[in-house]
Amino acid sequence: MTQLEDTARALVAPGKGILAADESTGTIKKRFDSIHLESTEDNRRAYREMLFRTPTLGDHISGVILYDETIRQSAEDGTPFVKVLADAGMIPGIKVDTGAKQLAAFPGELVTEGLDGLRERFADYAKLGARFAKWRAVINIGARSSEASPADRIPTSFCIDANVHALARYAALAQEAGLVPIVEPEILMDGDHTIERCYDATLATLRALFDELYRHRVSCEGTLLKTNMVLPGTECSQQATPGQIAEQTIRCFRNAVPPAIPGIVFLSGGQADIPATENLNEMNSLGPHAWELSFSYGRALQAPALKAWKGEPANVEAGQHELLHRAKCNGAARDGRYSKELEAAA
């Protein structure tokens, strides 16, 4: 296999998943606000060091997505974070988009920016040690009444097309630079939409995405998909069981995702830590599948660790304990071995 294919398969190795630690400065400030900690560069560095130096984390985490600030930072002893990760058996990655902005003339819809200068930034990140990258597109499902005309319903096909075009251009540039692209179209959980509407929006987005990747000559074998589970909106009156979520999600993937893709790494998308693990476990219990079904969680891995750490050096071990526990649970969910007994083992 090529180097890209080797890296892609290593990122979805059995029993392992990806830690998303690529929060922007604004996002991590919100996380730190929850523990009443000022978001200074030193505090951000200390937090990331606590996460990355968790003993045996590499047994369950294959790679870590970093932010531009973080990939340039070093641990307190001067070791670059990229080396800290590599020495622990984890592959460094980098978030390269610059965020979602309002799509002009399309109220309620977003398009992700960051293509300008991306080829040069990829060259810089490759020198810094990144081996994979991530670009996130955001798709909203509109809260519309049954009387609304089709023209008022979102997502529109234009919004989907604009976002998958950017994803494909990014992916082609990533592979050109020797980095595995993670393409991330996220259908947001916000709203009162049903699981059926989420299925339709996810299916339309994924079909458009892989058509566009093909047109841009992106190699599926050297690409990973990061996407949402098929879920009802958070305000929907009819919530779904893990079994229903798994059934709808797998059905959607079978109708849209080529089997040449080595793996699908789920985002948590606002799910709490335990439901995100339960849903992943349920999907893998229905296997085997054409692709590895793994995880690329941010809050669903970090939230308990952040709460235990509280920004205090004396709590580093407690924070690491919580992160390792969540990593073990999600690693077990990779092949349907997660259980209430394992959850209680902490």
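Described below are features of the structure shown in this document.

Cut-offs used in this document
- Residues numbered from 1 in each chain as written.
- Predicted model: local features only at pLDDT ≥ 70, side-chain atom pairs only at ≥ 80, totals over all residues.
- Heavy atoms only, no water.
- 1 Å grid on protein atoms, 1.4 Å probe; cavity = no way out; pocket = protein on both sides within 12 Å on 5 of 7 lines; lining within 4 Å.
- Points joined across faces, edges and corners; volume = space filled by probe spheres on them.
- Helix = DSSP H or I, 4+ residues; strand = E, 2+ residues; numbered from the N terminus.
- Nonpolar A, V, L, I, M, F, W, Y, C, P; charged D, E, K, R; others polar.
- Pairing = 2+ DSSP bridges.
- Axes fitted to C-alpha atoms, helices over the stretch in contact; angles between N-to-C directions.
- Contact = heavy atoms within 4.5 Å.
- Core = buried A, V, L, I, M, F, W, Y, C linked by side-chain atoms within 4.5 Å.
- Buried < 20%, exposed > 50% of the residue type's maximum accessible area, 1.4 Å probe, protein only.

1. Section: the layout of surface pockets
Looking at the largest pocket, its volume works out to about 770 Å³. In terms of lining, the largest pocket is formed by 30 residues, of which the most central are Thr-27, Arg-31, Arg-136, Glu-186 and Arg-299. Sorting the residues of the lining of the largest pocket by element identifies α2 (25-33), β6 (132-139), β7 (180-187) and β10 (292-297) as the ones contributing at least two each. Residue composition of the lining of the largest pocket, by class: 7 nonpolar, 10 polar and 13 charged.

2. Remarks on the environment of Ala-104
In this structure, Ala-104 sits in the loop between β4 (100-102) and β5 (110-112). Between the C-alpha atom of Ala-104 and that of Phe-266, which follows or precedes it by 162 residues, the distance is 29 Å.

3. Comments concerning the sheet that holds strand β3 (residues 91-95)
Reading around the circumference, β1-β2-β3-β6-β7-β8-β9-β10 is the order of the 8 strands in this closed barrel, with parallel pairing throughout. Neighbour-to-neighbour, the strand axes of the sheet open up by a mean angle of 25°, direction not taken into account. Where strand β8 (residues 224-227) meets strand β9 (residues 263-266), 3 bridges bridge the pair, whose relative direction is parallel. In the strand pairing of β9, Lys-226 is matched with Val-265. Together, β6, β7 and β8 form the strand contacts of helix α8 (residues 195-215), whose direction differs from that of β7 by roughly 150°.

4. With respect to the nonpolar core
Ranked by internal contacts, the top residues of the largest apolar core, which has 92 residues, are Phe-52 and Tyr-170. Ignoring any residue separated from it by four or fewer positions in sequence, one finds Tyr-170 in contact with Val-96, Leu-115, Leu-118, Phe-122, Ala-133, Lys-134, Trp-135, Pro-181, Ile-182 and Val-183. Counting residues in each nonpolar core, the second largest holds 13 residues, with Val-12, Val-180, Leu-224 and Val-265 among its members.

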